[in-house]
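Residue strings, one per chain:
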Amino acid sequence: MMKRLFCLIPLLMLSGCAGQAILGSSADVTVVSSEGLPEPTRVDLMSSNRPYLIGPFDKLKIDVFGIGALSKEVQIDASGRLSFPLIGVVEASGLTPGELGDELEKRLQGRYVRDPQVTVNLEETVSQVITVDGQVDKPGLYPVIGRMTLMRAVATAGGTAEFAKLNDVVIFREVDGEQLAGLYNLKAIRRGNYSDPEVFANDVIVVGDSQARRLFRDLIQASPLITTPLIILFRQ
């Protein structure tokens, strides 16, 4: 992954000044402008959209009104199924909680319950997450429930770290089986220069590292008694 990222850097640098769709590509990844990164399809999001789609290992709370014995917490198995009393195995992966509730009502109707009213609520998700990596305080996997934007995702990961390069934030996304990458500038978003882009389950967000700031910190720590301006010549 890191090797692929390094190969992308020259292409990503172009995206800061280009305005249309595809800017360049490697063998595995297509690089697009910040305006051109498309939303994933429903199929892309099954592996998970608005509204939330149930996925493997999600924990749900199912309530059947007036029937305590059928109200329970369940966990979706690795194949995306759940086992429910009286009706057996139900394919849940890819359904919204509301759609799953409708399916349970349909199967319970008449044969087991005269007029079932089923409510399904999400208790915990492990299937629909984003990855936030690079120069953030708390890199890791974070759940996506409802609408989440790039700024919110970075804030969820504890905000940018000391050496974050705000104009070098990359979102990797898979759409229709194609790997895409978009370059964003957090400082420009904060100033309102362009809108805060929405992020989706399975996105990988990488906040870049400012080597220049890191170098200055190391120099200052190594030379605490500097009495003249510190000038550094960067050679290409």
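Just above sits the structure.
Below, the structure is looked at part by part. (Residues numbered from 1 in each chain as written. Predicted model: local features only at pLDDT ≥ 70, side-chain atom pairs only at ≥ 80, totals over all residues. Heavy atoms only, no water.)

So, the overall build of the chain
Then comes step 1: Within the chain, the regular secondary structure consists of six helices and 14 strands.
Then comes step 2: Out of the 236 residues belonging to the chain, those deemed buried represent 37%.
Then comes step 3: If you sum the accessible surface of the chain, you get close to 13,500 Å²; carbon and sulfur atoms cover 53% of it. (Helix = DSSP H or I, 4+ residues; strand = E, 2+ residues; numbered from the N terminus. Buried < 20%, exposed > 50% of the residue type's maximum accessible area, 1.4 Å probe, protein only. Areas by Shrake-Rupley, 256 points an atom, 1.4 Å probe, with all protein chains shown as cover.)

Digging into the pattern of salt bridges
Then comes step 1: All told, the structure shown has seven salt bridges when counted by the stated rule.
Then comes step 2: The salt bridge involving Glu-198 is made with Arg-147; its shortest N-O contact spans 3.7 Å. One end of the pair, Glu-198, is in strand S13 (residues 198-199); the other, Arg-147, is in the loop between strand S9 (140-143) and strand S10 (148-149), with 51 residues separating them in the sequence.
Then comes step 3: A relative accessible area of 47% means that Arg-147 is categorised as partly exposed.
Then comes step 4: The residue Asp-203 makes a salt bridge to Arg-173 at a minimum N-O spacing of 2.7 Å. Linking Asp-203 in the loop between S13 and strand S14 (204-209) with Arg-173 in strand S11 (residues 164-175), this pair joins segments that are 30 residues apart in sequence. For the pair Asp-203 and Arg-173, one class covers both residues: buried.
Then comes step 5: When salt bridges with common partners are traced through the structure, they connect Glu-103, Lys-106 and Arg-107 into a single cluster. (Salt bridge = Lys/Arg side-chain N within 4 Å of Asp/Glu carboxyl O.)

What to know about the nonpolar core
Then comes step 1: Of all hydrophobic cores here, the largest spans 20 residues; its most connected members are Ile-130, Val-132, Leu-150, Leu-186, Val-199 and Ile-205.
Then comes step 2: Elements with a contribution of two residues or more to this core: strand S8 (129-134), helix H4 (150-156), S11, helix H5 (186-190) and S14.
Then comes step 3: The element best represented in this core is S11, accounting for four residues.
Then comes step 4: Setting aside anything within four residues of it in sequence, one finds Val-132 in contact with Pro-139, Gly-140, Tyr-142, Ala-153, Ala-157 and Ile-205.
Then comes step 5: The next biggest cluster of nonpolar side chains, apart from the first, holds 18 residues, and it includes Leu-70, Ile-76, Leu-82 and Ile-87. (Core = buried A, V, L, I, M, F, W, Y, C linked by side-chain atoms within 4.5 Å. Contact = heavy atoms within 4.5 Å.)

Brief notes about the pairing of strand S3 (residues 59-64)
Then comes step 1: The two faces of S3 differ: Leu-60, Ile-62 and Val-64 on one face are buried, but Lys-59, Lys-61 and Asp-63 on the other face are not.
Then comes step 2: Relative to strand S4 (residues 72-75), S3 runs antiparallel, the two being bridged by four bridges. Paired with Leu-60 across the strands is Val-74, a residue of S4.
Then comes step 3: Of the strand pairs in this sheet, S3 and strand S7 (residues 118-124) are connected by six bridges, and their pairing is antiparallel. Each residue of the ladder has a partner; that of Lys-59, found in S7, is Glu-124. (Pairing = 2+ DSSP bridges.)

Considerations on the sheet that holds S3
Then comes step 1: Strand order in the open sheet made by the three strands is S4-S3-S7, with antiparallel pairing throughout. With partners counted over all chains shown, the strands left at the sheet margins are S4 and S7, one partner each. Mean inter-strand twist for the sheet, computed between neighbouring axes without regard to direction, equals 30°.
Then comes step 2: Helix-sheet contacts for helix H3 (residues 97-108) involve S3 and S7, and the interaxial angle to S7 is about 140°. (Axes fitted to C-alpha atoms, helices over the stretch in contact; angles between N-to-C directions.)

Re H3
Then comes step 1: Spanning twelve residues, H3 covers 16 Å between terminal C-alpha atoms, matching the ideal 16 Å at 1.5 Å per step.
Then comes step 2: All buried positions along H3 are accounted for by Pro-97, Leu-100, Gly-101, Leu-104 and Leu-108. Projected onto a plane normal to the axis of H3, the buried residues spread over an arc of 100° and lie on a single side.
Then comes step 3: Of the surrounding elements, those touching the buried residues of H3 are S3, strand S5 (81-84), strand S6 (88-91) and S7.
Then comes step 4: Positive phi shows up at Gly-110, right after H3, with a value of about 80°. (Expected span 1.5 Å × (residues − 1). Arc of directions from axis to C-beta.)

Function cannot be read off these values alone, since they describe shape.
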